[in-house]
Amino acid sequence: MAGGAFIIFLVLVAAFAPLIVKYLGTPPNEFHYKLLDPAVGGAPKGRFGGMSWDHLMGVEPVNGRDIFSRVVYGARISLLIALLATVLSVVIGTVLGAMAGLFGGWVDAVISRVMDMFLAFPILVFALALAVVFPDKAFGLSGNGLRIALLVFIIGLFNWPYIGRIIRGQTLTLREREFVEAARSLGAKRRYILFSELLPNLVGPILVYATLLIPTNILFEAALSYLGVGVRPPTASWGGMLADATVFYTLPHFMLWPGLAIFGTVLAFNLFGDGLRDALDPKAR
Amino acid sequence: MEVALTKERALRQMRNKRTSVFAALVAIASMGLVSCGDDGGGGDGNGNASDAEFNAALDAVFNESDEAGGTLKFGTAGDWGDSVDPGNTYYGYSWNFARLYSRALVTFKVAPGKASEELVPDLATDLGEASDKGKTWTYHLREGLKFEDGTPITSADVKYAVERSIDKKVLTLGPAYFDNMLNWPEGYRGPYKDPDVNTDSAIETPDELTVVFHLKAPFAGFDYLAQLPQTAPVPKAKDTGAKYKEHVISSGPYKFTTYDAGKQYVLERNDQWSADTDPIRPALPDKITVQLNMNPDDVDNQVISGDLDVDVQGAGAQPAAITKVLQDENLKKWSDNPTLARTWYVSIIPAVKPLDNIDCRKAIMYGVDHTGFQNAFGGPIAGGDIATTMLPPIIPGHQDFDLFPAGDDMTGDLDAAKKALADCGMPDGFETKMAYRNERPKEKATAEAFQQSLSRVGIKLTLQPEPDGTYFSDTCGVPKWTKENGVGLCTNGWGADWNDGFGFESQIFDSRAIRESGNYNMSVNIPEVDQMLDAASNELDKAKREQMWGEIDKRVVQDAVVYPGIYAKGLLLRSRTATNVFVSEAYQMYDYIAMGAGQ
């Protein structure tokens, strides 16, 4: 419940970021040199990283950008990428997993091996390489739009087997159940069985595992941004903020806020996913 | 390796804990004694905490002592920058460090501050004798010189060392001055590929102790070339080409006893070296260790804690340590803040539209917030002073000028920028891309500051991070790439090979050196400048020559193809225990051959 409440809060924050920042912060890319002390290497003046009513979480060293605004705007990037990637994983995973379970035989063998291949792939290395060699303009997209699409594609494409395997297993047990047998003996087509008999029963596990996949994807997005292949600066993202902050580990406040944001979000989604599983699938308790 | 290190450290801590009670007792007992003995002690290598102050080792010798013995401990983040082979290295710290185990014909004087700029004979008895109007240079070697294996050092070993250094297929990393300037036989490719070619047209050895260099064109500053570690003798019989770095044959006071690639180097005394033949090196420590592949922040922390004496790279502390040190007076007094012969700048590439129009380039010159550039590099202490010229002030010939004044507060002259935009026919601004090295947070901050400040006049920058390792070979250093990708701005920086106008300008201003890839010069393509460079390097009169370097600098900046950012400074962390610590202006880091281990 707490997890769900926090998620709703996060989504609201992301959706109304401009409004929130307008009243509680300053534009996320605006520099504030006056708040820094050049004599100590550009660290913020004042205690706790320059925390004040104007800058609730203090300011970044070097350029004085408002950390609060950047965390709020960073939520947009993190949630957007994680959600879209999850949707992509769920779609591919459900379709292929259900096909494998339903058809069996060589279809199952091929899809299962493909899943194994994807799971064995060193995804982080692949993602790094792909993001570096990717051109600046492609598929009619450019700049950050393209970067986001690329991240969604990479994360989504590599995480579908987790969902796929679960759906395949569920389908395998479901297709032997009486109601499916009954439908089949009445002459129902495979398509009918898939969409009308199986899918409604798969919604539960899909929802649960999608919810559990989101935090994984958030962490993955943060890792990629941290490694410098995320969105282009100056756009704020939590992973990118962490990467900037590690250079200044002696100023812990800089690392604290984006770190807390990631921590809180991942925890909330995990709690929510667990709760959802308990509610939808009492047997798994 | 990481695990082993951690374990070792844990053991050491345990041991320390066990002895700490005793240590405390001893400390209390000796407190009274110390306060009496301290007055007479001075300079006994005990750290001299009382003398420690900010910049104490900048123009004077800190913790002076002639006590020999002990171990001097160096450390470095990552692997050794290029190579410890004197014929195959292009890093300033590597040149500084190489003097511990190799001796070039001449070297920079071992003295603090400005005095270190003077060249003094090392392997040679005197500086070079010029003849034929500066086309021929003669050096005489000292008598009684020996390699670590006891064989005498002759002029043939010096000749061979220079010859091998020009084979850039085998020894790829060193500077190419000898390749280009000596009068080599047509098509000569070095002793590995052309062992039987007579090279007397370039280097003659009339007797065992005389080396004569023949140049293609007069070059007044040849002693600077003789100072390169490439002239340190290499015995032909022991040369193993690219693998020579694994066992460099020492001609200096120390020799390698351990070469554990990527982990550790250990140097110990070379008993064949004699102080009688070497008036320069005090050679105080018995042993020198270099710990490789450390975490950069760990290097700083260990110097602060006293576990390490010197960060061998000498490029200054990491941002984390800088903010920590500058905020604490007790730490700050153990640091030095030298100005470097390096300028951080941004190349404005005229081959990329609309920057082909000088007025559009001028709009950038006026529009950028200069203080933003400085902040990006860490402010006036850690970063450096605001630059309006390319040639840094510590290089003789530097002229002060400010062709594109950025207002009293240096935040940019927006009116002038807007006027330039109007002259360019783009009153509403334009769009271009700015590339920077992804692994360098300071360059990223610079690019962000450019983006912010130029947006004030409508110039819209898209930032493009590029990998550090291929920045010159594949992206910004490739004229075709910048043009095709519309990248009009690239962050850049240049340090002088030695503190002289030629050493700074020749590599980044000469348009004739622009190749298909690998260019440090990304934007300066002015025929007039090429001619001015030729005229200056042929000028034998030092004062006139220096004047000319300044003129060239002005001519380049006038074209608005470079945006000078800051004259770099570094914050060096001073060893807590080492003796004879001072900054050599020639290397802009601690002089490594002067230091003793102390304690």
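What you are looking at is a predicted structure, and each value in this text was computed from that prediction instead of being measured.

**Description of the interface of chain A and chain B**
- Taken residue by residue, the interface counts 25 residues in chain A and 30 residues in chain B.
- Grouping the amino acids of the side of chain A that touches chain B by side-chain chemistry returns 15 nonpolar, 7 polar and 3 charged.

**Digging into the environment of B:Leu228**
Residues and elements named next belong to chain B.
- Along the chain, Leu228 turns up in the loop between helix H5 (222-226) and strand S8 (254-260).
- Once the C-alpha coordinates of Leu228 and Ala77 are considered, the two residues, 151 residues apart in sequence, prove to be 24 Å apart.
- For Leu228, the residues in contact, after removing those within four places along its chain, are Ala104 and Pro175.

**A short note on the pairing of strand S9 (residues 264-269) of chain B**
Residue and element names in this part refer to chain B.
- Of the pairings in the sheet, the one linking S8 to S9 comprises 6 bridges and is antiparallel in character. By the bridge assignment, Lys255 is partnered in S9 with Glu268.
- Taken together, S8 and the strand that follows it, S9, pair antiparallel across an intervening segment of 3 residues, in which Gly262 is found at a positive phi of about 75°.
- As paired elements, S9 and strand S10 (residues 287-294) share 5 bridges and run antiparallel to each other.

**Overview of the sheet that holds strand S7 (residues 210-214) of chain B**
Residues and elements named next belong to chain B.
- Here we have 4 strands laid out as an open sheet, ordered S4-S5-S7-S6, and antiparallel in their pairing. Where the open sheet ends on each side, the last strands, each with one partner, are strand S4 (129-131) and strand S6 (203-204).
- Looking at chain direction, S4 and strand S5 (residues 136-140) are connected through 3 bridges and run antiparallel. By the bridge assignment, Glu129 is partnered in S5 with Thr138.
- Its contacts with the sheet place helix H3 (residues 155-165) against S6 and S7, and it is angled at close to 30° to S7.

**Description of the packing of helix H9 (residues 238-246) of chain A against helix H10 (residues 252-280) of chain A**
All names here are of chain A.
- Direction vectors running N to C along H9 and H10 enclose 150°, while the axes themselves pass 9 Å from each other. Between H9 and H10, the angle falls in the class roughly antiparallel. Here the hand of the crossing between H9 and H10 comes out left-handed. Across from Trp238, Met241, Leu242, Ala245 and Thr246 in H9, the residues of H10 making contact are Phe254, Met255, Pro258, Gly259, Ala261 and Ile262.
- Of the residues assigned to the contact of H9 with H10, the class counts are 9 nonpolar, 2 polar and no charged.

Thresholds, definitions, all that
Counting restarts for each chain: residues are numbered from 1 in the order of the written sequence. Just so you know, chain letters begin at A and ligand numbers begin at 1, following the order they were written in. Only residues with pLDDT of 70 or above have their local features reported here, since the model is predicted, and side-chain atom pairs are shown and tallied only from 80 upward, although totals for entire chains, interfaces and linings are computed over all residues. Two residues qualify as being in contact provided that their C-beta atoms, derived from the backbone, are within 7 Å of each other. Here the nonpolar group is Ala, Val, Leu, Ile, Met, Phe, Trp, Tyr, Cys and Pro; Asp, Glu, Lys and Arg are the charged ones; every other residue, Gly included, is treated as polar. Strands here are runs of E lasting at least two residues and helices are runs of H or I lasting at least four, both read from the DSSP assignment and numbered beginning at the N terminus. Whether two strands pair comes down to DSSP finding at least two bridges between them. Orientation is described by lines fitted to C-alpha atoms, with helices fitted over the stretch in contact, and by angles between N-to-C directions that extend from 0 to 180 degrees. With respect to orientation, any angle under 35 degrees is reported as roughly parallel, any angle over 145 as roughly antiparallel, any angle of 65 to 115 as roughly perpendicular, and every other angle as oblique. Working rule for handedness: look at the near helix, and if it is turned counterclockwise from the far one by less than a right angle, call the crossing left-handed; if clockwise, right-handed.

Bear in mind that shape data such as this cannot, by itself, settle questions of function.
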